[in-house]
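Breakdown of the fold
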Amino acid sequence: MSTSNQHALLALRDLQVTFHTKAATIPAVENVSLSLDPGEVLALVGESGCGKSVTALSILRLLPSPPTCTINGTIHFNGREISRLPEQAMRNLRGREVGMVFQDPWRAFNPVYRIGDHLLESLHHLHLDAPRARERALALLSSVGFPSSAERLDAYPHELSGGLRQRVAIAMALACEPALLIADEATTALDLTVQAQILATLRQLQRVQKMALLLITHDLGVVATSADRVAVLYAGRVVELAAVGQVLSGAAHPYTQGLLRCIPRPERPRGELQAIPGTVPPPHLRPPGCAFHPRCPFADDTCQRQRPPLRDLSAAHQVACHHAGLRVPPLDILAEPRDP
Amino acid sequence: MSHDHPQRADAAPPSWWQDLADTIRQRPALRAALAVLLALFLLAVYAPLLASDLPLLAREHSQWSSPWLNNLFNKTYYDGPLDPTFNLLILALPLYGLARWLLLRRIPHLSRWAGALFVLAASWLALDPAANYLNPPDSPRESGLHDLLGAYQAPYPKGVHDRSWQWHLPAPIAFSFRTTTAHPHSAPTWQGRPLLHSILWQGSTDAPPRLHLAPSLPRWRHPLGTDNLGRDLTARLCYGARAAITVGLAAAAIAVGLGTLLGLLAGWVGGWVDLLISRLIEVMVCFPSLILILALTALLDAPSLFHLIAVIGLTRWTAPARLMRGEALRLRQEVYITAALALGLRPREVLFRHLLPNAIGALAVATTFAIANAILVESTVALLGMGDATVPTWGKMLNDGRVFHNTAMMLLPGLALFVTLLAINLLGEGLRDAFDPRQQRQRPPPS
């Protein structure tokens, strides 16, 4: 694979995450290989249930433990293999070198603590004394564009709007100036305008701090405005990996093309919204061969039998499809304007 | 340190506890329950000041003395460590209040030092009765407050009724919880009772004749009358509050502490730890706990109140354990728990700093129910005649009344139990609502 980049900040190789329940063994993530350079923004895109969040959580080993899970493969961070790291070393990594912002700003805060308490807690790696920690917390809040910070330190999370809360969450994740920030659907639960502001803040901070950003999203609009590279996940595997421009203009995998056509475009005439037929198969019911073949317009016998490997289409464009490069016929025919 | 930034300390927002206090203030039922419990606590602490057979102040041989004060920590007189420990609070509460009022007015940051000092002093003083209880000396020891308060007193000091003092100031009720009125001015006897007495304060006519003094009508010396041994019921009720508070708090502390620890561990760690603890809970639940408690007390020769506390605490932890296991299972799914772990906090820190405070509503309810339950169980054991015979608990009083077929002797402790348990349960209900931070607050939202 070409992901064996020695200078990469984060390199996942053949990452497999398997959940073991009494009923079944569920392979949530299968053979995902990704790399992320320092200061780069990589977007992880896919529908719900394709393994985006599981991938992100497995990097920090934060997967919930009641369904016991096994993580195979290697995770290199800053030149260190961290997937076998002892728990103690992992704790030093979390929050200090890798920050994380969660999807739901309504649930990501402990309701019994004030915003200030949360921020101070995020600074625990730095061992500051109380007044300095408070100053740093205020500085963090103003750096994420939080208005009138001093008073809001004393506010409870439920007294803030979702956008403000997400700004606090970002401030907390950035508290120890991590080299990598994982934003797990960080803007999904927000209004569009707020979403744009948060993304701009994230992007700006990422540039200023020269921090790598792993942006997990299912929103290609977010990808288009914020990401440098895109990895498209389907059914626990990377199906396409390319620079953002290549994906948006010349997506090679039919699934990526399908995703792109799902975006409603204001310049197009009104009509039915496009959708990819069918749904993502649950992890334990993935079909043999290419997991996308039941929903793919180009599927043939090969697709049903043989799983396509991730291959280089061009220098920085990889795709896992037997028919890579074929364009999906424009289904726009179905959505012709009704009135001439 | 915050000393360097007084202007910042002044601008500090109301703390979580202040918010909680605000919430309590807005709930009438909770306030009433708290008032009742506070009154009960004060009554328990100041029981010797209200009812004692020792003169508060006396003059004899042209010398002033206070037999009451001198015997506050006399374990032989009080027959055990319970009352001397409570008596510490008689002096400590006003001293602490005074210290706060005097010191904290002037030096704002001294509060935590004063508090720490108070706790230290109180525990040093409490160690003395505790040590004496665990290791009863052959000869009376002179230590702790005895040195401070002067000479050691005779084990059974002469009281108001035994000695003709030159002059003395008795307590409002000049009887302790076990002073029997066996002197000429005793109560009107049971045989010669008036009509009203026979209706309200009746002893059953079927009762076999006993070699007891009869329970007496309320009179000015005995505001609620006396029991069959001529002991003042008011005094016994007040001292009974001490036993109830001790049993309730201590047994609940053991039960809830053990239950919380095991329950949280089971829910948080999961796996075989959960399996083991859950099975242990199920095994414990299989035994009817009252029968278990009775069996365990029967094993002990003469169970003291502290044996009973240990037995109740060690058998009643299953309900809080189950509750806290459920809370841990529910709360560990929360995103903020994962978020706290993602900050690199230790699992222990996440468990106790993030998970436990969110379970505190459930914990408060569990604790209040555990307190009420412990008091009730102790009363039941005492009612069955298997409790600590030396301590005037409400259950013991009920049993005395039951044996003697006397309405007043059963009605009064029963009423005290009822009011106490009701107040505790109301408190639990109120706290459950008050601890929920998502409840509406009257605090102005930050603009």
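As shown above, the structure is provided for reference.
Rules of the game
Residues numbered from 1 in each chain as written. Chains lettered and ligands numbered in written order. Predicted model: local features only at pLDDT ≥ 70, side-chain atom pairs only at ≥ 80, totals over all residues. Heavy atoms only, no water. Helix = DSSP H or I, 4+ residues; strand = E, 2+ residues; numbered from the N terminus. Rg over C-alpha atoms; globule rule 2.2 N^0.38 Å. Buried < 20%, exposed > 50% of the residue type's maximum accessible area, 1.4 Å probe, protein only. Areas by Shrake-Rupley, 256 points an atom, 1.4 Å probe, with all protein chains shown as cover. Lys, Arg positive; Asp, Glu negative; His and termini not counted. Charge placed at Lys NZ, Arg CZ, Asp CG, Glu CD. Pairing = 2+ DSSP bridges. Right-handed = clockwise from strand over helix to strand, strands pointing away. Axes fitted to C-alpha atoms, helices over the stretch in contact; angles between N-to-C directions. Contact = heavy atoms within 4.5 Å. Parallel < 35°, antiparallel > 145°, perpendicular 65-115°, else oblique. Left-handed = near helix turned anticlockwise from the far one by under 90°. Nonpolar A, V, L, I, M, F, W, Y, C, P; charged D, E, K, R; others polar. Salt bridge = Lys/Arg side-chain N within 4 Å of Asp/Glu carboxyl O. Phe/Tyr/Trp six-rings, centres within 6.5 Å; stacked < 30°, edge-to-face > 60°. Expected span 1.5 Å × (residues − 1).

This part takes up the overall build of chain A. A count of helical and extended segments in chain A gives 11 helices and 12 strands. Since a compact globule built from 340 residues should have a radius of gyration of about 20 Å, the 21 Å found for chain A is in line with a globular shape. Each principal axis of the C-alpha distribution contributes one length, and for chain A these read about 65 × 55 × 40 Å. Every one of the 340 residues in chain A was classed for burial, and the buried ones make up 54%. As presented, chain A carries roughly 14900 Å² of accessible surface, and 55% of it is formed by carbon and sulfur atoms. Side-chain charges of chain A comprise 33 positive and 31 negative groups, with the mean position of each set lying 3 Å from the other.

Now for the pairing of strand β7 (residues 180–184) of chain A. Residue and element names in this part refer to chain A. Counting buried residues in β7 gives five out of five residues, a clear majority hidden from the surface. Side chains of β7 alternate between two faces, with Leu180, Ile182 and Asp184 and Leu181 and Ala183 buried alike. Relative to β7, strand β6 (residues 98–101) is paired through four bridges, and the arrangement is parallel. Looking at the pairing, Met100 lines up with Ile182 of β7. As judged from the five bridges shared by β7 and strand β8 (residues 212–217), these two strands associate in the parallel manner. Within the sheet, the bridge partner assigned to Ile182 lies in β8 and is Leu214. On the question of chirality, the crossover connecting β7 to the parallel β8 by way of helix α7 (residues 192–209) is right-handed.

The next point concerns the sheet that holds β8(A). All names here are of chain A. Taking strand neighbours across the sheet as the criterion, the eight strands line up as β6-β7-β8-β3-β9-β10-β12-β11 in an open arrangement whose pairing is mixed. Lying at the two open borders of the sheet, with one neighbouring strand each, are β6 and β11 (311–314). Adjacent strand axes in the sheet meet at a mean angle of 20 degrees when their direction is disregarded. Relative to strand β12 (residues 317–319), strand β10 (residues 237–243) runs antiparallel, the two sharing three bridges. Paired with Ala242 across the strands is His317, a residue of β12. Packing against the sheet, helix α6 (residues 162–173) makes contact with β6 and β7, and its axis sits at approximately 170 degrees to β6.

As a further point, take the packing of helix α13 (residues 289–299) of chain B against helix α18 (residues 360–383) of chain B. All names here are of chain B. For the pair α13 and α18, the least separation of the axes is 11 Å and the interaxial angle reads 55 degrees. For the element pair α13 / α18, the angle class is oblique. Where α13 crosses over α18, the two elements pack in a sense that is right-handed. Here Leu290, Ile293 and Leu294 of α13 lie close against α18, whose contacting residues are Val377, Thr380 and Val381. When the residues that make up the contact of α13 with α18 are grouped by side-chain class, the tally is five nonpolar, one polar and no charged.

Before going further, it helps to examine the pattern of salt bridges. Pairs can form between side chains of opposite charge whenever their charged atoms are close. Residue and element names in this part refer to chain A. Across all of its chains, the model carries 18 salt bridges over all chains by this definition. Put simply, Glu30 and Arg286 hold a salt bridge, and the shortest N to O gap is 2.8 Å. Note that Glu30 is positioned in strand β2 (residues 25–36) and Arg286 in the loop between α10 (254–261) and α11 (301–305), a separation of 256 residues in sequence. Among the residues examined, Glu30 registers a relative accessible area of 16% and is labelled buried.

All names here are of chain A. Relative to the helices and strands, Gly39 resides in the loop between β2 and β3 (41–45). A sequence separation of 82 residues divides Gly39 from Glu121, and the C-alpha atoms of the two residues are 26 Å apart. Those residues within four positions of Gly39 in sequence are excluded, and the remaining contacts are Gln206, Lys210, Met211, Ala212 and Asp228.

The next subject is the sheet that holds β2(A). Residue and element names in this part refer to chain A. Read across the sheet, four strands follow the order β2-β1-β4-β5 without closing on themselves; strand pairing throughout is antiparallel. Every other strand in the sheet has two partners, leaving β2 and β5 (80–81) as the edge strands with one partner each. The strands touched by helix α1 (residues 52–59) are β1 (10–20), β2 and β4 (68–77); relative to β1, the strand with the most contacts, the crossing angle is about 110 degrees.

Below, the discussion takes up unusual backbone geometry. Residue and element names in this part refer to chain A. In this structure, Arg61 takes a positive phi of about 55 degrees despite not being glycine. When its relative accessible area of 26% is taken as the criterion, Arg61 is described as partly exposed. Positive phi is not limited to glycine here, since Ala235 has a value of about 50 degrees. When you line up the elements, Ala235 lands in the loop between β9 (229–234) and β10. The class of Ala235 is buried, set by a relative accessible area of 1%.

Once that is clear, we can look at the packing of helix α11 (residues 233–269) of chain B against helix α15 (residues 318–331) of chain B. Residue and element names in this part refer to chain B. At a minimum axis separation of 7 Å, α11 and α15 run at an interaxial angle of 35 degrees. As for how α11 packs across α15, the hand of that crossing is right-handed. Residues Ala255, Val256, Gly259, Thr260, Gly263, Leu264, Ala266, Gly267 and Trp268 of α11 form the contact with α15, whose participating residues are Pro320, Ala321, Met324, Arg325, Ala328 and Leu329. Grouping the amino acids of the contact of α11 with α15 by side-chain chemistry returns 10 nonpolar, four polar and one charged.

Right, let's get into the packing of aromatic side chains. All names here are of chain A. Summed over the entire model, instances satisfying the criterion amount to five aromatic pairs over all chains. Pairing Tyr234 with Phe292 gives two aromatic rings, centres 5.1 Å apart and planes at 85 degrees, and the pair type is edge-to-face. Highlighted residues: Tyr234 in strand β9 and Phe292 in the loop between α10 and α11, separated in sequence by 58 residues. Residue class for Phe292 comes out buried when judged on its relative accessible area of 2%.

All names here are of chain A. With 12 residues, α6 ought to run about 16 Å at 1.5 Å a step, and its terminal C-alpha atoms sit 16 Å apart, in line with that. With respect to burial, α6 is a largely interior element, 12 of its 12 residues being buried. Within α6, burial applies to Gly162, Gly163, Leu164, Arg165, Gln166, Arg167, Val168, Ala169, Ile170, Ala171, Met172 and Ala173.

Taken by themselves, the reported measurements are silent on function.
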